[in-house]
Amino acid sequence: MEQIVSAQKPAPAAGADASPVQAAAGVERVDAAAVNRKETRSLYQKRIKIFSKRARGAFRKLKWAVLAMTLGVYYVAPWLRWDRGTSAPDQAILIDIPARRFYFFFIEIWPQEVYYLTGILILSGLALFLATSLFGRVWCGYTCPQTVWTDLFIFVERLIEGDRGARIRLEKAPWGAHKIALRVVKHALWIVIAVLTGGAWVFYFADAPSLLVALATLQAPAIAYIAIGVLTCTTYLLGGIAREQVCTYMCPWPRIQAAMTDVDSMIVTYRDYRGEPRGPHRKSEPWEGRGDCIDCNACVAVCPMGIDIRDGSQLECINCGLCIDACDEVMSKVGRPLKLIAYDTFANVDRRAAGQDARYSLLRTRPLIYVGLMVVVGSLMLFGLTTRSALDLNVLRDRNPLFVTLSDGAIRNGYTVKVINKQHEAREFRLDVEGLAGRRIDVVGLESEGPPVLRVKADKLAAYRVFLSAPRESLIDESVPIVFRVTDTLDGSEIVYDAVFRGPGS
Amino acid sequence: MAGDKHIDDHSGVETTGHEWDGIRELNNPLPRWWLWTFYICIVWSVGYWVVMPAWPLVSSYTTGVIGYSSRALVATRIDEAKAAQAQYVARIADATLEDVEGDPELLEFALAGGRSAFAVNCSQCHGRGAAGAIGYPNLNDDSWLWGGTLENIAHTITYGVRNGHDEARFGPMPGFLSDQILDRAQIDDVAEYVLSLGGRAEDSAAAERGAAVFAEQCVACHQEGGLGNTELGAPNIADGIWLYGGEREAIVETVMAGRAGVMPTWGDRLSPATIKQLAVYVHALGGGQ
């Protein structure tokens, strides 16, 4: 199906079996071409498979570390416990859809507080903008799940089939027992990873230990198996098969990112003023009058996105820095300064080319605006979270009938009073109404002697029918503003709700 | 039409050959993943025709091999809901009305069930909010023709009013003019007296004459002072609540022609448990005694 890329210029013999071409003393020229180079890519071009070579260096290590950390968080998080007493689950992070609660350690969110989720999404968006304006698409290169899982899948592929050269040979080889065995093992491992990925996901939605037992004994709800199945398919397809195609063709972020970066953003950059003119270097040849780039294609071979960073900043580049590692390794071998490819800004490349000193400015207007917006949104959320009351009150006045005339001529209005108790213990509240002379409060289901006491169970909403009646003379207008006041009988905390009392008017 | 092939100069891409005012559409390829998704959808739809109800026929439709039916699904869901409610319904059927009102769980169920049954069976006359209309009593207030206790309400719902059933509520209000019991002047006097009970009389002499007529003709049902009698469905005519209107003209008309509102028997249409829920619901509307 997929075409194997060969070098732009025909290699002396078929690919990797050929005698190595020297780019410089001790450095082989890799027979690699950027499959995504714009000039060579037709719109009708079938996908060209990328066999990225293993990179070694600081950024590769950083990527492994981020991979370990993000996967670790993903797999471990649902297993953390958090004691909330007997009336609530003890899972630290739990999206409890049947009970309509979201638990995150000490935070508990009810459905009507979904604006916290909105706030988190806005914060995440702004953080993404900020990181991109400062360091380019580092989200894509290091932390995006697509990158993390693709990295993991390529790691497995390399483990089974070997590095770039071996993988290309295997791809070209005719189908035989050896090839079939390697492919079966690889895909089997991929599917295991995919199943585990989907499997970890469902634990966020139910008590993890009991769900694990239920899954193992085939007692879990169908939706759990369906979710695992769907995520197994998507993980296998996106991470194993589609890989860079997802980033280049399916994800909108590469198109949006250009609006976030500017000439002062640190992006992976080939310092062409230093590298050009490029070409193979013989040991005896002096370095003066030529570029440092020995055109070894190491940067192209390691690129998971199939581009040549020396062509400049491109839509496909995910800013992962693997080409920096590859180039640094070569530069140290040939004894030239490192960082021919580096995280740098367009402005600095121009400055250095002109012989000026580089200037890095993190405190630019754009990032500062993003930081400012994050501070505003974050403060609003923090304020909301810290002042979040464990008590809420809603009063709905009957619309039909608007009011009822009683036999003694008094006017009566009906209300539904909803008291929300977000504490994990049952509470009792005194109900009072202010602003209506001669009012009488009747709560359906409660004795009418004394001030009514509303009982609300732990972590529940209680709805009471309340009838409020007042003599006709108290109604100075068609609509009289009144205040419902609910007071905790123990700790005295209270909450009020502004409502109206309606009558026929004068 | 290979001869018509046209290549766009600027992009070097083939065009579709269509031209609108000099503008040609580039024939860029669809993304392959998109195209495959499209093909898979087509294949999927063929399978869907086989598996699910799909094609209309003259008097029926193709049912599909798994026999899915949204109508049957609704019936199943209703059965499931009824099964889930069964234990509450059974408990309500066995309990007294007071027990239902005293048990918070049963009360909540009865109020919800009563609201639903009221909307289906009662709201046509009494209104969605049970506020009634002329001739149809308001069930929210504290004035009851036939009594406002739980038992009274349940009895009224079960047997209805003036519908010919042996157990139905019955109380005649004759047409005092049409039955030639009183003459027109006497009726005006009685109306004046009735108005005076609410402090609205304008002619005290007429009211006094009316009081004598009232004592002779009306007091048997409407009682001394017009306080009414729920045994006979005789309304309290001294309060502020009027089933047929409290203006002089309406009172005169009522006395002249009589009133005989009817309500159907629900005992043979609704289950006893439903009637109990309705009684509790109506009782809790605010006027229950």
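Residues numbered from 1 in each chain as written. Chains lettered and ligands numbered in written order. Predicted model: local features only at pLDDT ≥ 70, side-chain atom pairs only at ≥ 80, totals over all residues. Heavy atoms only, no water.

1. Regarding the overall build of chain A
Then step 1. Each helix and strand counted, chain A has 15 helices and 16 strands in total.
Then step 2. In terms of overall dimensions, chain A is more spread out than a globule: its C-alpha atoms have a radius of gyration of 33 Å, far above the 23 Å expected for 506 residues.
Then step 3. With the principal axes as the frame, chain A shows a C-alpha extent of 115 × 60 × 40 Å.
Then step 4. Buried positions account for 45% of the 506 residues belonging to chain A.
Then step 5. Here chain A contributes 61 positively and 52 negatively charged side chains, and the mean placements of these two sets differ by 8 Å. (Helix = DSSP H or I, 4+ residues; strand = E, 2+ residues; numbered from the N terminus. Rg over C-alpha atoms; globule rule 2.2 N^0.38 Å. Buried < 20%, exposed > 50% of the residue type's maximum accessible area, 1.4 Å probe, protein only. Lys, Arg positive; Asp, Glu negative; His and termini not counted. Charge placed at Lys NZ, Arg CZ, Asp CG, Glu CD.)

2. Some thoughts on the packing of helix α7 (residues 208–216) of chain A against helix α8 (residues 222–242) of chain A
Residues and elements named next belong to chain A.
Then step 1. Running from amino to carboxyl end, α7 crosses α8 at an angle of 85°, the nearest separation of the two axes being 11 Å. Here α7 is positioned roughly perpendicular relative to α8, judged by the angle of their axes. Each of L211, A214 and L215 in α7 lies in contact with α8, whose residues at this interface are A224, Y225 and I228. (Axes fitted to C-alpha atoms, helices over the stretch in contact; angles between N-to-C directions. Parallel < 35°, antiparallel > 145°, perpendicular 65-115°, else oblique. Contact = heavy atoms within 4.5 Å.)

3. Details of the side chain of A:Q91
All names here are of chain A.
Then step 1. Within the fold, Q91 resides in the loop between α1 (58–76) and β3 (93–96).
Then step 2. Residue class for Q91 comes out buried when judged on its relative accessible area of 0%.
Then step 3. Here A206 takes part through its backbone oxygen, which lies 3.3 Å from a polar atom of the side chain of Q91.
Then step 4. A distance of 2.8 Å separates a polar atom in the side chain of Q91 from the backbone nitrogen of A208. (Polar contact = N/O pair within 3.5 Å; in protein donor to acceptor, adjacent residues only side chain to side chain.)

4. Some points on the interface of chain A and chain B
Then step 1. Between chain A and chain B, the residue contacts involve 16 residues of the former and 22 residues of the latter.
Then step 2. Counting every contact that joins chain A to chain B gives 0 salt bridges.
Then step 3. In this structure, the connection of chain A to chain B is made through 5 residue pairs in polar contact (both at pLDDT 80 or more).
Then step 4. Secondary structure elements with two or more residues in the side of chain A that touches chain B: α9 (244–250) and β9 (404–405) of chain A.
Then step 5. When grouped by side-chain class, the residues that make up the side of chain A that touches chain B number 9 nonpolar, 5 polar and 2 charged. (Salt bridge = Lys/Arg side-chain N within 4 Å of Asp/Glu carboxyl O. Nonpolar A, V, L, I, M, F, W, Y, C, P; charged D, E, K, R; others polar.)

5. Brief notes about helix α13 (residues 322–334) of chain A
Residue and element names in this part refer to chain A.
Then step 1. The first and last C-alpha atoms of α13 sit 19 Å apart over 13 residues, in line with the 18 Å expected at 1.5 Å per residue.
Then step 2. Taken across its 13 residues, α13 has 10 buried, putting it largely inside the fold.
Then step 3. For α13, every residue scored as buried is listed here: L322, C323, I324, D325, A326, C327, D328, V330, M331 and V334.
Then step 4. Positive backbone phi, approximately 75°, marks G335, located one or two places after α13. (Expected span 1.5 Å × (residues − 1).)

6. Some remarks on the packing of aromatic side chains
Then step 1. Evaluation of the coordinates by the stated rule reveals 24 aromatic pairs over all chains.
Then step 2. Between A:F129 and A:W253, the aromatic rings sit 6.2 Å apart at their centres with planes inclined by 10°, giving stacked as the arrangement. Pair noted here: A:F129 is in helix α2 (residues 115–135) and A:W253 is in helix α10 (residues 253–256), with a separation of 124 residues, a long-range link.
Then step 3. Note on A:F129: relative accessible area 26%, which makes it partly exposed.
Then step 4. On the basis of relative accessibility, which here comes to 8%, the residue A:W253 falls in the buried class.
Then step 5. One aromatic cluster is present, formed by A:Y74, A:Y75, A:W149, A:W201, A:Y204 and A:F205 through successive ring pairs.
Then step 6. Here the basic side chain of A:R60 rests over the ring of A:W64, its NZ or CZ set 3.7 Å away from the ring centre.
Then step 7. Over the aromatic face of B:W266 sits the side chain of B:R269, whose NZ or CZ is 4.8 Å from the ring centroid. (Phe/Tyr/Trp six-rings, centres within 6.5 Å; stacked < 30°, edge-to-face > 60°. Lys NZ or Arg CZ within 6 Å of the ring centre and 35° of its normal.)

7. Considering a nonpolar patch on the surface
All names here are of chain B.
Then step 1. Taken together, W44, V46, Y48, W49, V50, V51, W55, V65, I66, Y68 and L73 make up a surface patch of nonpolar side chains, about 1100 Å² in accessible area.
Then step 2. Element by element, the count of residues in the nonpolar patch is highest for helix α1 (residues 32–51), at 6 residues.
Then step 3. Here V51 is to be found in helix α1.
Then step 4. On the basis of relative accessibility, which here comes to 31%, the residue V51 falls in the partly exposed class. (Patch = residues over 30% accessible without salt bridge, like charges linked within 9 Å, V, L, I, M, F, W, Y side chains within 5 Å. Areas by Shrake-Rupley, 256 points an atom, 1.4 Å probe, with all protein chains shown as cover.)

8. A closer look at the nonpolar core
In summary, soluble globular proteins display a tendency toward joint burial of nonpolar side chains.
Then step 1. Core analysis: the largest hydrophobic core is formed by 54 residues, its most contacted members being A:V27, A:I294, A:I309 and A:I341.
Then step 2. The leading source of residues in this core is α13(A), at 8 residues. (Core = buried A, V, L, I, M, F, W, Y, C linked by side-chain atoms within 4.5 Å.)

9. Quick notes on the domain arrangement of chain A
Residues and elements named next belong to chain A.
Then step 1. As far as domains go, chain A holds domain 1 (15–116 + 131–252) and domain 2 (391–502).
Then step 2. Placing a centre on the C-alpha atoms of domain 1 and another on those of domain 2 gives a separation of 55 Å.
Then step 3. With 9 residues of domain 1 at the interface, the matching set in domain 2 holds 8 residues.
Then step 4. Carbon and sulfur atoms supply 46% of the area buried between domain 1 and domain 2, which totals about 630 Å² over both sides.
Then step 5. Broken down residue by residue, the surface that domain 1 buries against domain 2 is led by S87, E108 and W110, which jointly contribute 61%.
Then step 6. Run the count over domain 1 and domain 2 and you get 2 salt bridges.
Then step 7. One salt bridge in this structure joins E113 and K422, with 2.8 Å as the shortest N-O distance.
Then step 8. Here the side of domain 1 that touches domain 2 is composed, by residue class, of 3 nonpolar, 2 polar and 4 charged. (Domains from an automatic or database assignment. Buried area = accessible area lost by both parts, 1.4 Å probe.)

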